[in-house]
Amino acid sequence: MLEAEQISKKFVKGVLRRQTVEAVKEVSFSLPEGKTLGIVGNSGCGKSTVARILLSLLTPDTGSVRIDGEELFSGDRKRDRARTRKIQMIFQHPESSLDPAKKIRYSLEEPMRIHHMYDPAKRRERICRLMDLVDLGEDLLDRRPRQLSGGEAQRVMIARALTLEPRILILDEPTSMLDVSVQAQVLNLLKELQEKMGLSYVFISHDIDVVRWFCHDIAVMQQGRFVETGPTEKVVENPEHEFTKELLTMRL
Ligand SMILES: Nc1ncnc2c1ncn2[C@@H]1O[C@H](COP(=O)(O)OP(=O)(O)OP(=O)(O)O)[C@@H](O)[C@H]1O
Ligand SMILES: [Mg+2]
């Protein structure tokens with residue numbers, strides 16, 4: 001249901017000596033409903049640039065992104081807004097995405113208020129339901145971000161992304177700042193939510209072991225390109241590209 005076809009994006013870097021960086025080169029993939037695509041690769045290979053294109057924060061130079069067969073950027077602002085709402089993001093640092101001065105309740109209501117979704121009573125009801133869904137008590141709603149642990153803050157961010165009823169979540173290193181046990185809890189929660197709600201995920205990581213456990217398909221990215229893609233077990237058990245082999249041996 002999410003399809004990227006031959007997307008490319010260049011950046012111009014440097015002021016005096018201008019240098020072109022091809023951050024993403026002819027990347028294509030399709031992501032079915034209820035499935036997870038993992039993107040692995042070294043720092044700077046273009047993973048977050050792909051994420052920002054999928055989130056409409058960047059426009060690709062060439063290529064197209066379609067959701068349910070419809071172009072993500074058609075130019076019709078109202079329709080594009082409704083489409084892009086279906087794709088939400090979970091960032092690596094929840095604390096930088098939550099307003100430190102505001103209570104959690106406010107941060108959860110904000111997206112629905114901005115998108116004119118529901119009346120205030122219905123919003124309050126949804127907030128409680130979402131807190132329950134991410135296994136957080138309602139007492140947290142009256143706290144501020146600094147009064148939460150890293151794991152709790154990431155659960156709040158998941159609830160916040162779900163307020164807009166997305167079908168796809170982009171997870172850019174969502175748990176790399178959490179310790180291992182909390183990381184497993186958050187990833188398990190994401191798996192549960194996927195099963196309950198049929199969500200699709202794009203999961204970005206440089207930890208191939210986490211990707212192997214969490215993702216149905218893997219795309220191995222090197223210098224802007226997807227050099228190898230396929231079902232996770234196949235790629236891990238029978239890597240074809242040199243760089244995939246390197247990634248797999250590096251962790252040993
Ligand atoms: N706005 C920008 N302007 C110029 N260059 C950029 C911009 N955004 C990204 N780049 C460059 O594009 C390349 C890919 O960056 P990107 O952030 O997508 O990498 P990444 O795979 O997410 O890395 P990491 O694992 O460190 O997060 C890098 O060379 C980066 O310097
Ligand atoms: Mg990145």
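Keep in mind that what you see is a predicted model, and the values were worked out from it rather than measured. (Residues numbered from 1 in each chain as written. Chains lettered and ligands numbered in written order. Predicted model: local features only at pLDDT ≥ 70, side-chain atom pairs only at ≥ 80, totals over all residues. Heavy atoms only, no water.)

Section: the sheet that holds strand β3 (residues 36-40)
Within a sheet, adjacent strands bond to each other through the backbone by hydrogen bonds, running parallel or antiparallel. In spatial order, the strands read β6-β7-β8-β3-β9-β10; together these six strands make up an open sheet with mixed pairing. Looking at strand neighbours, the two that pair on one side only are β6 (87-90) and β10 (225-231), the edges of this open sheet. Recorded for the sheet is a direction-independent mean angle of 20° between the axes of neighbouring strands. Bridging between β3 and strand β9 (residues 217-222) involves four bridges; their strand directions are parallel. If you follow Leu 37 over to β9, its bridge partner there is Asp 217. Against the sheet, helix α1 (residues 47-54) makes contact with β3, β6, β7 (168-172), β8 (200-205) and β9, and its axis sits at roughly 155° relative to β8, the strand it touches most. (Pairing = 2+ DSSP bridges. Helix = DSSP H or I, 4+ residues; strand = E, 2+ residues; numbered from the N terminus. Axes fitted to C-alpha atoms, helices over the stretch in contact; angles between N-to-C directions. Contact = heavy atoms within 4.5 Å.)

A look at the domain arrangement of the chain
What the domain assignment reports for the chain is domain 1 (1-86 + 167-252) and domain 2 (94-165). Between domain 1 and domain 2, the C-alpha centre-to-centre distance is 25 Å. Opposite the 16 residues of domain 1 that make contact, domain 2 presents 15 residues. Buried area between domain 1 and domain 2, summed over both chains or domains, comes out near 1,300 Å², and the portion from carbon and sulfur atoms is 70%. At the junction of domain 1 with domain 2, the criterion picks out one residue pair in polar contact (both at pLDDT 80 or more). (Domains from an automatic or database assignment. Buried area = accessible area lost by both parts, 1.4 Å probe. Polar contact = N/O pair within 3.5 Å; in protein donor to acceptor, adjacent residues only side chain to side chain.)

Details of the pattern of salt bridges
What the rule picks out here adds up to 18 salt bridges. Among the salt bridges present, the one from Glu 110 reaches Arg 160, with a minimum N-O distance of 2.7 Å. Within this pair, whereas Glu 110 is found in helix α4 (residues 104-114), its partner Arg 160 is found in helix α6 (residues 150-162), the two being separated by 50 residues in sequence. We classify Glu 110 as partly exposed; its relative accessible area is 23%. (Salt bridge = Lys/Arg side-chain N within 4 Å of Asp/Glu carboxyl O. Buried < 20%, exposed > 50% of the residue type's maximum accessible area, 1.4 Å probe, protein only.)

So, the site of ligand 1
For ligand 1, the set of nearby residues contains 13 residues, the closest of which are Ser 43, Gly 44, Lys 47, Ser 48 and Thr 49. One of the side-chain nitrogen or oxygen atoms of Ser 43 is found 2.5 Å away from an oxygen atom of ligand 1. At 3.0 Å, a backbone N or O of Gly 46 approaches an oxygen atom of ligand 1. Of all the secondary structure elements, the ones that give two or more residues to the shell around ligand 1 are β1 (2-13), β2 (19-31) and α1. A total of four residues in the shell around ligand 1 trace back to one element, the largest contributor, which is α1. Among the residues making up the shell around ligand 1, the classes are represented as four nonpolar, six polar and three charged. (Near = heavy atom within 4 Å. Nonpolar A, V, L, I, M, F, W, Y, C, P; charged D, E, K, R; others polar.)

A word on helix α5 (residues 120-133)
Taking 1.5 Å per residue, 14 residues should reach 20 Å; α5 reaches 20 Å between its end C-alpha atoms and fits that length. Contact partners of the buried residues in α5: α4 and α6. The N-terminus of α5 is capped by Asp 119, whose side-chain oxygen sits 3.1 Å from the backbone nitrogen of Ala 121. Count one or two residues on from α5 and you reach Asp 135, which has phi positive near 60°. (Expected span 1.5 Å × (residues − 1).)

A short note on the nonpolar core
Counting 46 residues, the largest nonpolar core has Leu 108, Ile 158, Leu 171, Leu 190, Tyr 201, Phe 203 and Phe 214 as its most contacted members. The greatest single-element share of this core, amounting to seven residues, is contributed by α6. In this structure, Phe 214 is in contact with Thr 36, Leu 171, Leu 187, Leu 190, Lys 191, Tyr 201 and Phe 203, ignoring residues within four places of it in sequence. Ranked by size, the runner-up nonpolar core spans 30 residues in total, among them Met 1, Val 65, Leu 72 and Phe 226. (Core = buried A, V, L, I, M, F, W, Y, C linked by side-chain atoms within 4.5 Å.)

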